[in-house]
Amino acid sequence: AGGKGEVIALAKATGATLWEAKVEGTVRGMAVSDGRVLASTDTGAVYCFAAGEAPADAVRTAPAAVEPFPDDALAKLCRDAAKEILSRSGVSRGYCLVLGGSGRLAYALARASDLTVYAVDPDAAKVAEARKRLDAAGVYGARVVVDQGATDALPYPDYFANLVVSEEALLAGKLDTSPAEVMRVLKPCGGVLCLGQPGSVPREGPKLEEAVLKAWLADPGLSGSQVSRKGGLWAKLTRGKLEGADDWSHQYGNPANTASTEDRQVRCPLGILWYGEPGPNKVPSRHAGNAAPLCVGGRVYLQGENRVMCFDAYNGQPYWERQLPGAYRVGMVSACSNIA
């Protein structure tokens, strides 16, 4: 266990103290691996405990961040592509999925936006190299993550991505990912698929042929995609509302207070789609009968304590929070129900 200024190990059977050690600050996270105990603190220091004598270089500092990739033609191509993608999609924050895992396009997108970027590739060696390079740049795990996964079974939950792009289309001129899987992870109500090549693609580099792009877009799930030759070769699809999805616009569903909707999407078995902010600390206890969260157009509106919050219904991305002193309403069950 860890707390303010210390880490302590206790015997499971008796609770007796086995060992204890002092740390600076308060321990916020702990892990056990390979016979070692790791503890991170709110000072930014990470401590590692193991049996035996401490090594001579026990105090270590993180290496200075470096550029992960050479500043070559591919780097320029990825920067140009990132600029085009962000401009065409209008998406600059939230979650981005990059199909193809060298890390080059993911890094360019992270540098040019506020996106949290996930890249996926089936090649284990390629993924390991990308992770190593991005870690050296100080962005891995914080802004960019690279996962190994099959392109026909992406390792991500439904509807998580605000933006889906393709490095394989950009650098290799091909599209191997299943269109059905792309649509499974692309969020409704504004999620954008944007892929292609800018006009600055090197003459000797692999070209994305328009016939290949249109053949991939011919999948019924990608209907409504638009292809443009302006600034290179690009395809874009903005996902709309799910067919059969309904809103919950009032405390009891709608102006008629029916406490029901016409939604045909939600059905059992139910599960967790996402979790995270805003959490329980900004709202009254559910036992106090807080105002119901409302959901309109894929966004959730939640009244908290002296505030109103808005976040994405599909992936939890916060959109805004407004401080409203005095905005506090409980007892909704007795004050605003059909019984009243």
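Before any of the text, the structure's been laid out above.
No experiment lies behind these values; they were computed from the predicted model shown. (Residues numbered from 1 in each chain as written. Predicted model: local features only at pLDDT ≥ 70, side-chain atom pairs only at ≥ 80, totals over all residues. Heavy atoms only, no water.)

Caption draft 1: Broad picture of the layout of surface pockets. Space inside the largest pocket adds up to approximately 960 Å³. Residue lining of the largest pocket: 26 residues in total, with Val 266, Leu 273, Cys 295, Ala 313 and Tyr 314 positioned closest to the centre. Each pocket or cavity is described by its volume, and for the second largest pocket that value is around 620 Å³. Lining the second largest pocket are 16 residues, with Tyr 47, Cys 48, Pro 55, Ala 58 and Val 59 positioned closest to its centre. At the level of elements, strand 3 (36-41) and strand 4 (46-49) are the ones that each hand at least two residues to the lining of the second largest pocket. Here the residues of the lining of the second largest pocket sort into twelve nonpolar, one polar and three charged. (1 Å grid on protein atoms, 1.4 Å probe; cavity = no way out; pocket = protein on both sides within 12 Å on 5 of 7 lines; lining within 4 Å. Points joined across faces, edges and corners; volume = space filled by probe spheres on them. Helix = DSSP H or I, 4+ residues; strand = E, 2+ residues; numbered from the N terminus. Nonpolar A, V, L, I, M, F, W, Y, C, P; charged D, E, K, R; others polar.)

Caption draft 2: Molecular detail of the side chain of Arg 239. Tracing the chain through its elements places Arg 239 in the loop between strand 11 (232-238) and strand 12 (294-296). Here Arg 239 is buried and forms no salt bridge, its nearest opposite-charge partner Asp 158 lying at an N-O distance of 8.5 Å. At 2.4 Å, the side chain of Arg 239 and the backbone oxygen of Met 183 are in polar contact. (Buried < 20%, exposed > 50% of the residue type's maximum accessible area, 1.4 Å probe, protein only. Lys, Arg positive; Asp, Glu negative; His and termini not counted. Salt bridge = Lys/Arg side-chain N within 4 Å of Asp/Glu carboxyl O. Polar contact = N/O pair within 3.5 Å; in protein donor to acceptor, adjacent residues only side chain to side chain.)

Caption draft 3: View of the sheet that holds strand 9 (residues 192-198). Strands sit in the order 7-6-5-8-9-11-10 across an open sheet of seven strands; the sheet is mixed. Strand pairing shows two members of the sheet lacking a second neighbour, strand 7 (144-148) and strand 10 (226-228), which therefore form its edges. Between one strand and the next, the sheet's axes are offset by a mean angle of 20 degrees, whatever the strand orientation. Pairing between strand 9 and strand 11: seven bridges, direction antiparallel. Opposite Gly 196, over in strand 11, you have Trp 234 as the bridge partner. Its contacts with the sheet place helix 3 (residues 124-136) against strand 6 (114-121) and strand 7, and it is angled at close to 165 degrees to strand 7. Together, strand 9, strand 10 and strand 11 form the strand contacts of helix 6 (residues 210-217), whose direction differs from that of strand 11 by roughly 10 degrees. (Pairing = 2+ DSSP bridges. Axes fitted to C-alpha atoms, helices over the stretch in contact; angles between N-to-C directions. Contact = heavy atoms within 4.5 Å.)

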